[in-house]
Amino acid sequence: MARRPGQKRSFGELEARKIADTQRITSWRAWYRGPDLTRHSRTFGDKMAAEAWLNAERMLIERDEWKPPRIREAEARRARGRALTLAEWARRSVDGKTLRPSTRYRYERVLATRILPELGDIPLAQLTRLDVTDWYTRLRAELAREARARTRGSETHDGRGAAFAAYQVLSSVLTDAVDHELLDASPAKVKGALNYDPVHQPVVLTPEQMWQLSDLMPGYLAALVPLAAVTGLRNGELRALQRRHLRLDDPRGAAVAVRGSASNYKHAGRYNEIGEPKTKAGRRDVAVPSFVVPILREHLAAYCRPDPEAMVFPARRGGVMQASVIERHWQQARRQVEGLENIHLHDLRHTALTWAARSGATLAELMTIAGHSNPTVALRYQHAGQDARMHAIAERVGEAFRDELAARRARRAGEQAGETEAR
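What comes next is a walk through the structure. (Residues numbered from 1 in each chain as written. Predicted model: local features only at pLDDT ≥ 70, side-chain atom pairs only at ≥ 80, totals over all residues. Heavy atoms only, no water.)

## A look at the pattern of salt bridges
Counting across every chain of the model gives 14 salt bridges. Glu 237 is paired through a salt bridge with Arg 234; the nearest N and O atoms lie 2.8 Å apart. Here Glu 237 falls in the buried class, since its relative accessible area comes to 1%. Given a relative accessible area of 13%, Arg 234 falls into the buried group. (Salt bridge = Lys/Arg side-chain N within 4 Å of Asp/Glu carboxyl O. Buried < 20%, exposed > 50% of the residue type's maximum accessible area, 1.4 Å probe, protein only.)

## Here's the deal with the packing of helix H7 (residues 207-216) against helix H9 (residues 224-231)
Relative placement of two packed helices is described by the angle separating their axes and the distance separating the axes. For the pair H7 and H9, the least separation of the axes is 8 Å and the interaxial angle reads 145°. Residue-level inspection shows Met 210, Trp 211, Leu 213 and Ser 214 of H7 in contact with H9, the latter providing Val 225, Pro 226 and Ala 229. Here the residues of the contact of H7 with H9 sort into six nonpolar, one polar and no charged. (Axes fitted to C-alpha atoms, helices over the stretch in contact; angles between N-to-C directions. Helix = DSSP H or I, 4+ residues; strand = E, 2+ residues; numbered from the N terminus. Contact = heavy atoms within 4.5 Å. Nonpolar A, V, L, I, M, F, W, Y, C, P; charged D, E, K, R; others polar.)

## Some words on the sheet that holds strand S3 (residues 39-44)
The strand order S1-S2-S3 describes an open sheet built from three strands, whose pairing is antiparallel. Each end of this open sheet is capped by a strand with a single partner; those strands are strand S1 (13-18) and S3. Looking at each pair of strands side by side, their axes are set apart by 25° on average, direction ignored. Inspection of the sheet shows S1 paired to strand S2 (residues 25-33) by six bridges, in the antiparallel sense. Within S2, the position partnered with Glu 13 by the bridge is Trp 31. (Pairing = 2+ DSSP bridges.)

## Quick word on the nonpolar core
Counting residues in each nonpolar core, the largest one holds 37 residues, and the members touching the most others are Leu 213, Trp 330 and Leu 348. Secondary-structure elements contributing two or more residues to this core are H7, H9, strand S5 (255-258), helix H11 (293-303) and helix H12 (323-334). By residue number, the principal contributor to this core is H9, which donates five residues. Residues in contact with Trp 330, not counting those within four places in the same chain, are Leu 213, Met 217, Val 225, Ile 343, His 344, Leu 345 and Leu 348. Counting 32 residues, the second-largest nonpolar core is a separate cluster that includes Ala 87, Leu 116, Leu 119 and Ala 166. (Core = buried A, V, L, I, M, F, W, Y, C linked by side-chain atoms within 4.5 Å.)

## Details of unusual backbone geometry
Even without glycine at this site, Gln 23 takes up a positive phi of about 60°. If you trace the backbone, Gln 23 turns up in the loop between S1 and S2. Among the residues examined, Gln 23 registers a relative accessible area of 46% and is labelled partly exposed.

## Some details on H9
Within H9, seven of the eight residues are buried, which leaves it mostly tucked inside the rest of the structure. Of all the residues in H9, the buried ones are Leu 224, Val 225, Pro 226, Leu 227, Ala 228, Ala 229 and Thr 231. At the exit of H9 stands Gly 232, carrying a positive phi of roughly 75°.

It is worth stressing that arrangement in space is one thing and function is another; only the former is reported here.
Here it is, written out as structure tokens:
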């Protein structure tokens, strides 16, 4: 039976939430003190829903079936988790993430090829550490076999990078399940699986090596090598450059504006879409040394359309060049330079940042040049620069001692010559 106006509630309370100026009711807060003597509340958009919630809570107490609402909600989430398979949750998890198109494609590809075929049908709540460990162990062995087959038995290629990428995706999906309270803890606990040291050791090119590689690239890509080696632009950032992004009027104030990045992946049936840079810090202006300006001017005159939107390094039909085209020519060039047979295109970026650090760039300046939002990576280059400067300081300190040492040796040689003549 409905309560009469003014009649006091027998269970719980309702509070109207109003706008202070107009006194218009915007919502209703229902609350009651439970058997645990704690106040429990919930806000609703209308009064009827708030009344219904209080009545439902009262009935649970009367039937001795009551638990605190938060506990009941957590149990309901876990029940939904028990009904979900890993495959179903993984798709929801990826759909709910804010990812760049290329990153989303990589997640979906890894899930479809490496994770879900083996683990996808397991209910999320039943996935154990042993399941994940067994999967990872088999994956490592399979990827190692594939890598050796591709590289004719090379021991330096053992599939660690691909295994790391797959485990990283699975760990991210399971951590997301914990965040949504579908799991109490992630079963992805394989020791060392998220610690990955790349097989390839970055190379810092000498000026002579850089020019050798530039000369060995086809004409329409020759300018890419010095530009990358002095600015540190990423592969996707180089391929996304347009004429309007280059400021070359004043050689002493030349700069390149990084405003986008071309994807390396096929996504939604389209290749090489230009999206935002990798991070917010990736949107930056990078100074260009004056010696590169005439090289870029000659390149633009020879290979680029005159309109501002024309690609600086265009594909054959004028659009965005595919990463595989640059990589193919890069591999051909590097094989012709002794000692650089295994150098990566990304080492041009490493070269630029290392030389910048050696030239005295601060941590903040290195982060700006590189487009890093996290100082951890930039610190590596600053340490390299500090090492070079410390050696230079040590040499300057040693000059005084070296001069005195030379003088002592000269005196000793003179004394020995005199003794020889006396005999």
